[in-house]
Amino acid sequence: MKPFRYARPGGVAEAVRSGAEQPGSRFLAGGTNLVDLMKLGVERPDLVVDVGGLGLDEIVVDSGGGLRIGANVRNSDLAVHPAVRRELPMLSQALLSGASGQLRNQATAAGNLLQRTRCVYFQDVSKPCNKREPGSGCPARQGDHRNLAVLGGSAACIATHPSDFAVALAAADAEVAVTGPAGERTLRLDELYLLPGEHPERETSLAPGDLITAIVVPPLPFGTTSAYRKVRDRASYAFAVASVAAAIDVTDGVVRDVRIALGAVAPKPWRAHRAEDALRGLEPTASAFRAAVEAELSVAEPLPDNAFKLPLTANVVVSVLSDLTGASR
Amino acid sequence: MTTPTQATTPAAARTRTPIGAPGRLENDAKGGVGTSPQRPDGALKVTGEFAYSSDLWMDNMLWGVTLRSPHPFARIRAVDIAAALATPGVVAVLTAADVPGRNVFGLELSDQPVLADDVVRYQGEAVALVAADHPEIARQAAKKIRVDYQVWEPITDARAALGHPTWNRLHDHPAEDVELSRSAAAIHPKGNLVRHLKIRKGDPDEAADVVVRGEYSVGMQDQAFLGPESGLAVPDGEGGVDLYVATQWLHVDQRQICTALGLTPDQVRLTLAGVGGAFGGREDLSMHVHGCMLALHTGKPVKMVYNREESFFGHVHRHPAEMRYEHGATRDGTLVFVNCDIYFDGGAYASSTPAVVGNGGTMGIGPYVVPNVRIDAYGVYTNNPPCGAMRGFGSVQTAFAYEAQMDLLAAELGMDPIDLRVRNAMAEGSVTPHGQTIDSPAPVAELLQRLREMPLPAEPDGADIDLRSLPGGVANSTHGEGVKRGVGYAVTYKNVAFSEGFDDYSTARVQIEAHQGNPLVVVHTAAAEVGQGLVTIEQQICRTELGVENVIVHPKNTDVGSGGSTSASRQTYMTGGAVKLACEAVRDRILTLARDRTDAPLDDAALVDGNIVTPSGAVLMSIADAIGEAVIEETREHHHRPTEEIDPETGQGFAHVQYSFSAHRAVVDVDTELGLLKVVELACVQDVGKALNADAVVGQIQGGSAQGMGLAIMEEIVVKDGKIRNPSFTDYLIPTILDTPPMPIQVLEYADPHAPYGLRGVGEAPTISSGPAVAAAIRQATGLPLTRVPIRPEHITGT
Ligand SMILES: Cc1cc2nc3c(=O)[nH]c(=O)nc-3n(C[C@H](O)[C@H](O)[C@H](O)COP(=O)(O)OP(=O)(O)OC[C@H]3O[C@@H](n4cnc5c(N)ncnc54)[C@H](O)[C@@H]3O)c2cc1C
Ligand code: SF4
C-alpha cells in the first residue's frame, strides 16, 4: 500500500476543504471498498479524509413518505428501517441481497453508491485498463468479460457498476445531496453517474472535495408495490450477474405508471425508460412485459461471454413484474 | 510390515522456540477405537487460542516477501536489485544466483526452480526474495526490483501443447476435431508431455448394440484453505535452520529443502505449525526454501505469510480436464466397451501430475466391470498455473464424465440409471481395467440400492415457503414459479494411499511411563494434522492398544521418521497402522517387565483400563506397577503391502493397495428461467471398512460432499491467456452454509482384511461422487446436456 496522510475533519466544511485542497485525496467511509482497493494498489490516495466522524447518519421520513438518508447510514440499519421496508421494499431487498452481514454493518449508503467496478482487469494493477490508467487499453473485450456491460459501454470501457442498492435508488428517482467547495447542490442519479465514452476514468460528476451528505428519495406512492430481484452465482455473498428493481402501479386494469432499473448490465444502474414508456397504458401481461424489456435491450451490444445477460435480464424483468401484478405467465 | 526401531538424530539444540510453535496436545477426553472422543485441539480451535502458522512470532524476526512473475511465459534478461537493496529497512534481496544448493524442487519430478533464473513458465512464478524489518517495507522494496522480461506467447491449451488435434467445442455442442494444432514450443527441455497412461484391455472394437459418446470438461478448482501459506525459518547459528511451517508431509519437504540449500537432513529440521486446511494444496513447497534462504543469509528468523491473492499463486490447483468418452452396451444394459481420452492440464510444472494421471487413468471408467477398455490419459505442461494434488486427485474429473455417460446410456436404453449401474457394478473379485482383482468387499450395488431406498425430501408445498429453501435463496430471486426438481445419482471408487510401486510407509514412536501412579503415553509421529482429526485417532489407538486414558500427542516434527503425506486418504490407515504397531511393541515390553513381578502366565494377558488382566478379566497388576521407574519407548514403521508399476503399453498391474467406495444422491431445484439452483439434499452412502471415529467420518463425508458440490455449481479459477482472473474469495466462490443442503449419511463397515482394524480411507471418495450427482440432478431437471462444470446460470438458461 502506498503511504498516505490521514485526516479526521471535525465538520462537513473542513472535510470539503481538505478534499478539495489535496488532489488525489479520498473520503473514507466504511472503508470496505476503498481500503481493499488501496491494498491492491488500485487506489493510491495521498490523503485519506475520514468522514466517519461527521454524523450524517440519520434517516428522516417526510410526511409524504419521502426519505432523506444520511450519507453515513449503515447498509444494515437502512435495510431494516420500518419506513424503508414499508414504503420501498425494493430498497430494503436490494441492500439485503448485497455483500454479507458483516460488510453491511460496516458499509455506508454513500460508500455503496461510489464503490468501484469489479472488472478483474481494473483490480489487477499489472494489467492495462483505461479506467485505471487512461489510454492504456481495455483487455476485457478480448478477455474475461462475463460479468461486464451489455448496455452503455464504449470502445474504451465496458465495466459494470456493481451496486445493488444503486439500482433500487435509480428506480426510485433518488437524488444525492452534495456539498462541495462551491456550496450545496443536488444531483439526480442520472447526473451523478457518467457513461464511460472516451473517458472511463471519469465515473461521476463529483469534483475533488464534493462530499455526498445525503440521499434523497422522493415519495413514490406505488413504491409499496416494488421488488428487487438478483441473479448470482451462489445463494448469498456474491455480486449480481443480472438484477432488476421495479415498482408498478396498475389501475383499472392498465399500467398507469412503472419504474424499472437494471443492474449488472451497464456502467451505471440502468434506468429502463424505453421499457417503462412501452408499458404505460398497457394491460399488465407477461407478453407485454417481455416486449417492453426486449425494446429496452434492443440497443444492447453483447460480447460472446456476456450475451447470456440479455435473455436472463429479460426473464428476471418478466418474473418480477408478473409477481408484482399477479400476471400469469 | 515392521522394521526394527531406528535411532533418530536429535535436533540440534534450539536456542529459542517461537511464539505460536505447537505444544503437546493433551485433554481429558476418553475413548478408544470406535468411539468419538473430543479432539485434543478442538477446544483451542473453537475458542480462537489455537496458533496457526501465520501466528508464529519471534522478537527481532524479519519479514520475507516474494517477487513473482507477471507473465505466464518469458525469458528473464536481467534482474536489477540495487534500488530494492538500498531501501532503508531492507536486509537482503536474493535471486536465483543466491540459491545455495541445486536450484530445483518438485514432488515427483524435480523440474521447478526455487527462483526462476532463465525462463518463467507461469504467472506468479517466484523470481526474487526480500527480507526487511517490516512486511510493508519488504513489499515496497520488492516492487523496486527491476526484471527485464522478453515476453513470449503462452501455451494454454493442453492438446495444442502436445500438437494433438484440438477439439473445437462450443459449450454443449458436439465437437469436431480441428486440424492438428500448430506444434507448440516446448515449455520444458524434454517436451510438453508429462505422462501418457495407456490402458488396453480386451478388444476395443467389440460390437455393441448401443453406443453413446460425450465430451466433458472440468474447470480448475482451488483447495480454498483458509490459512494462507506461512512459516517461520530460524537459523541455528551453525549453518543449519529450523523451519516451522504448515504443510502436509514434513519429510518430503525436508528432502527438497536440503537439495536446494545444499544441507544435510540433520541441518534442516522441520516442525509442523498450525495448519489452516490443506486439501492437497500444501503437498508442494511454498515459502519453505525461500524462508530458509533468507534466514540463513541474514542470520535472523524470517517469517513469511502470503496474503489471499498471493496464495492463489502460491499453491497448485486441481487439474482442469477435457475428456471424450465412448460407451458401448448390449440392449439389456451390459457394458461391452469403454474408450476414452483424458487430458489433464498440469500447468507449468509437474508437481504430482504423473500420479494424478495414474489415478485418473486407472480408475477412469468408474466402479464398473467392463471387458474391453481403451484409456489414453495425458498429463501435459502448459503455461497455465501449475496443478497438482487436490482431494480426489484425478478421479474427481473423470467421475463427472463417466457418470454422465452412464446416465446418457441409461436414457438411450430406456433404463433406470440405478439399474444400469447395478447391473455393471464391481464387486469383490471383479477385475479392474488395469487388471487388478478387487480382493476386499466392494459394495457398489449396495450403496446405490440403499440410496434408492432412502426417503426423498418433501416437495415444496406452496404455502409458507422459506425463501432460503428456494433457488437464489435470500436474494428473493424466485418465488417457486418455473422451478423444476431433479434427482441424480453417482457412484465412485478411489484408491487409498500411494500406488504404482511406491514404498509407502509411516513411522510412529510411542512412549509410556508411570506418572503419579498412572500410565502416561506420548505418541509422536511426523504425520501432519491438517484439520482431519489424525491427532484424535492417534490418541484413540493408543488408548485401545495400551489400555490407558492419558495420551499426549507430541508436536509433529522431523525428530521422528517420516509419516508420509497427509493425502490420498491414507493417514488413518498408514500412520494409524504405525501407531498400532508401536503400541504392540510397547505392550510386549510392558508384559516383559511384568513377568519380573509375577509368576502368573501372561501370554494371553491384555491391557485394559490401566491394568494387566487375564482373558477372563481378572486384574493381575496395574500397568503403572509393571512399568515402575522405566520409560518404555518403541518406534515402528508401517509399510502397506507392495503395489507394482503398471505396464507402460497395456496399463496392467497391481497398482493400488485399497479402494474406498461412495455414492451420492442429489436432489436439486432449478429455476430454469433465472438459471438459479438450490441443492435441496445431498445424501451419501459410503463404505469405510471400520469407523475408528464415527463423528470424524461423518465430518469428512460432509466436507467432501460440499467441496465436490462446489466444483459442480460454482468453484472455478478463471484463467485467461495463462493468467488467473479471480484470485480472491470475493471472486472465487465457494459454497456458503446457505448453499449447503442437509446431508443424510449412511456409513457401512465392511472390513478390508488387509488394513489395520479393517478400515478404509474416508476423506476423498465423497468429494468425487457428490459433484457428478448434483450435475446429474440438474440435467434431469432441465433436460440439458450440461457437459461442463461448474454449471453456471447461463448454462441453465441456455444462452
Ligand atoms: C466481499 C464483498 C462482497 C460484496 N458484495 C456486494 C454485493 O453483492 N452488492 C453490493 O451492492 N455491494 C457489495 N459489496 C460492496 C459493498 O457494498 C461496498 O464495499 C460498500 O457499500 C462500500 O461502502 P463503504 O462505506 O465501506 O465505502 P468506502 O470503501 O469507505 O468508500 C467507497 C468510495 O466512496 C467514497 N465515499 C464514501 N463516502 C463518501 C461521501 N460521503 N461522499 C463522497 N464520497 C464518498 C470513497 O471515497 C470511496 O471512493 C461487496 C463488498 C465486498 C468486500
Ligand atoms: S472494462 Fe473498463 S475497467 Fe475493465 S479493463 Fe476495460 S477499461 Fe478497465
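Just so it is clear, the structure is predicted and the values come from calculations on it, not from any experiment. (Residues numbered from 1 in each chain as written. Chains lettered and ligands numbered in written order. Predicted model: local features only at pLDDT ≥ 70, side-chain atom pairs only at ≥ 80, totals over all residues.)

A. Expanded view of the domain arrangement of chain A. Domain boundaries assigned for chain A yield domain 1 (5-53) and domain 2 (227-325). On a C-alpha basis, the centroid separation for the pair domain 1 of chain A and domain 2 of chain A is 36 Å. (Domains from an automatic or database assignment.)

B. Region of interest: the nonpolar core. Among the nonpolar cores identified, the biggest contains 338 residues, and A:Ala168, A:Ala171, A:Ala246, B:Val130, B:Ala131, B:Val668 and B:Val774 are the most heavily contacted of them. Ranked by residue count, the leading element in this core is helix H13 (residues 571-595) of chain B, at ten residues. When sequence neighbours within four positions are dropped, the list of residues in contact with A:Ala171 reads A:Met90, A:Ala245, A:Ala246, A:Ala247, A:Arg259, A:Ile260 and A:Ala261. (Core = buried A, V, L, I, M, F, W, Y, C linked by C-beta atoms within 7 Å. Buried ≥ 20, exposed ≤ 12 C-beta atoms within 10 Å, placed from the backbone. Helix = DSSP H or I, 4+ residues; strand = E, 2+ residues; numbered from the N terminus. Contact = placed C-beta atoms within 7 Å.)

C. A look at unusual backbone geometry. Residues and elements named next belong to chain B. The omega angle of the peptide bond from Val789 to Pro790 is 0°, so this bond is cis rather than trans. Checked against the element boundaries, Pro790 lands in the loop between strand E31 (788-789) and helix H17 (793-796). Positive phi, close to 55°, is recorded for Glu500, a residue that is not glycine. Topologically, Glu500 is positioned in the loop between strand E18 (483-496) and strand E19 (505-515). By C-beta crowding, Glu500 is classed as buried, having 20 other C-beta atoms within 10 Å.

D. A look at the sheet that holds strand E20 (residues 518-524) of chain B. All names here are of chain B. Judged by pairing direction, the sheet is mixed, and its four strands sit side by side in the order E21-E20-E19-E25 without closing on themselves. This sheet does not close on itself; its edge strands, each paired only once, are strand E21 (550-553) and strand E25 (631-639). Neighbouring strand axes in the sheet, compared pairwise and without regard to direction, differ in orientation by 20° on average. Taken strand by strand, helix H12 (residues 534-546) contacts E19, E20 and E21, and its axis lies near 145° from that of E21. H13 rests against E19, E20 and E25 of the sheet, and its axis sits at about 140° to E25. (Pairing = 2+ DSSP bridges. Axes fitted to C-alpha atoms, helices over the stretch in contact; angles between N-to-C directions.)

E. Region of interest: the interface of chain A and chain B. Contacts between chain A and chain B engage 29 residues on the former and 31 residues on the latter. When residues of the side of chain A that touches chain B are traced back to their parent elements, those giving at least two are helix H5 (89-96), strand E9 (226-231) and helix H12 (309-325) of chain A. Of all the elements, H12(A) adds the most residues to the side of chain A that touches chain B, at six residues. Residue composition of the side of chain A that touches chain B, by class: 14 nonpolar, seven polar and eight charged. (Nonpolar A, V, L, I, M, F, W, Y, C, P; charged D, E, K, R; others polar.)

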